[in-house]
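# Inside the fold
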Amino acid sequence: VNAVNDFTIRVQPRIVEKHYSVFSFGQLSSLESKKITQRFEGGFGGGRTLLKKKYFESTVSYAMLYYNNNFQDLTHRNGFRHSPRFQIWGKAEEYKLNYSMEIFYQPSTRDYNDYILRSKTVVGFDLNKKFMITATYSSWYESFYAVGSRNNVKTFTFGTSYKID
């Protein structure tokens, strides 16, 4: 088992209405698994609620983002990416169960063979109103990658979370 020493900080101001949202974001990362010393991503977009039921909600969104990657081998890449995303989530309160799944595809605006594909699935069990046990599975594929890096990172984490009101 290899440890993944990746770090990301993200800011995402947004406006959320009943059936739509608009947002912007900025993200700075250091990704040892991808041999990226520094990655900046920033952009803007919007989303729409597709379905909203008692136990289930789904949304679709689209963003345009700028990226700037500095790799450990001194390769430098930057440009723009499309970023469509599909997301579902829900909560069955009588079973104290929460779940979510999201997937997004980010092809370069210059070359659709240069893309990122990410997915994340989370299942949580409420212990009380503040604490939750969670299990998360993530997959992160990048078509361009530096020599010695992992282009397809898959992780499974199990832990707890605490809600701050």
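Before any of the text, the structure's been laid out above.
These numbers come from a predicted model, not from an experiment. Sequence order as written defines residue numbering, which begins from 1 separately in each chain. Only residues with pLDDT of 70 or above have their local features reported here, since the model is predicted, and side-chain atom pairs are shown and tallied only from 80 upward, although totals for entire chains, interfaces and linings are computed over all residues. Side-chain numbers come from the whole structure's heavy atoms, not from hydrogens or water.

## Remarks on the overall build of the protein
Scanning the protein from N- to C-terminus turns up 0 helices and 10 strands. Along its sequence from the N terminus, the protein presents helices and strands in the succession β-β-β-β-β-β-β-β-β-β. Its C-alpha atoms put the protein at 50 × 40 × 25 Å along the principal axes. Three exposure classes are used, based on accessible area relative to the maximum for each residue type with a 1.4 Å probe and protein chains only: buried under 20%, partly exposed in between, and exposed over 50%. When each of the 165 residues of the protein is scored for burial, the buried share is 33%. Any pair of residues with heavy atoms lying within 4.5 Å of one another is described as a contacting pair. Once local pairs closer than 6 in sequence are excluded, the contacts in the protein between residues at least 24 apart make up 44%. Working definition of accessibility: Shrake-Rupley area with a 1.4 Å probe, residue cover restricted to the visible protein chains. Total accessible area on the protein stands at roughly 10,700 Å², and carbon and sulfur atoms take up 59% of it. The average position of the 23 basic charges and that of the 14 acidic charges among the side chains of the protein differ by 4 Å. Only DSSP runs of H or I with at least four residues qualify as helices, and only runs of E with at least two residues qualify as strands; both kinds are numbered from the N terminus onward. In this tally, Lys and Arg are treated as positive and Asp and Glu as negative; His is ignored, and so are the chain termini. A single reference atom marks each charge: NZ on Lys, CZ on Arg, CG on Asp, CD on Glu.

## Overview of the pairing of strand β7 (residues 97-107)
Summarising the sheet, strand β6 (residues 76-92) and β7 pair through 8 bridges and their orientation is antiparallel. Residue pairing in the sheet places Ile-88 in a bridge with Met-101 of β7. For two strands to be treated as a pair, DSSP must find at least two bridges joining them. Once β6 ends, the chain turns through 4 residues before running back antiparallel as β7, passing Lys-96 with a positive phi of about 55°. Summarising the sheet, β7 and strand β8 (residues 115-126) pair through 11 bridges and their orientation is antiparallel. Across the sheet, the residue bridging to Tyr-99 is Val-123, located in β8.

## Here's the deal with the environment of Tyr-162
Tracing the backbone shows Tyr-162 in strand β10 (residues 152-162). In this structure, the C-alpha to C-alpha distance between Tyr-162 and Val-11, residues 151 residues apart in sequence, is 20 Å. Sequence-distant contacts of Tyr-162, that is, excluding residues within four places in its chain, are made with Lys-130 and Phe-131.

## Observations regarding unusual backbone geometry
Positive phi, normally seen in glycine, also occurs at Leu-74, with a value near 75°. When you line up the elements, Leu-74 lands in the loop between β5 (57-71) and β6. Positive phi, close to 55°, is recorded for Lys-96, a residue that is not glycine. Along the chain, Lys-96 turns up in the loop between β6 and β7.

## Notes on the pattern of salt bridges
Side chains that differ in sign of charge can pair as their charged atoms come close. A carboxyl oxygen of Asp or Glu within 4 Å of a side-chain nitrogen of Lys or Arg is what we treat as a salt bridge. Counted according to the given criterion, the structure contains 6 salt bridges. A salt bridge links Lys-35 to Glu-32; its shortest N-O distance comes to 3.3 Å. Its salt-bridge partner being Asp-126, residue Lys-91 comes within 3.5 Å of it at the nearest N-O pair. Within this pair, whereas Lys-91 is found in strand β6, its partner Asp-126 is found in strand β8, the two being separated by 35 residues in sequence. Looking at Lys-91, the relative accessible area reads 35%, which means it is partly exposed.

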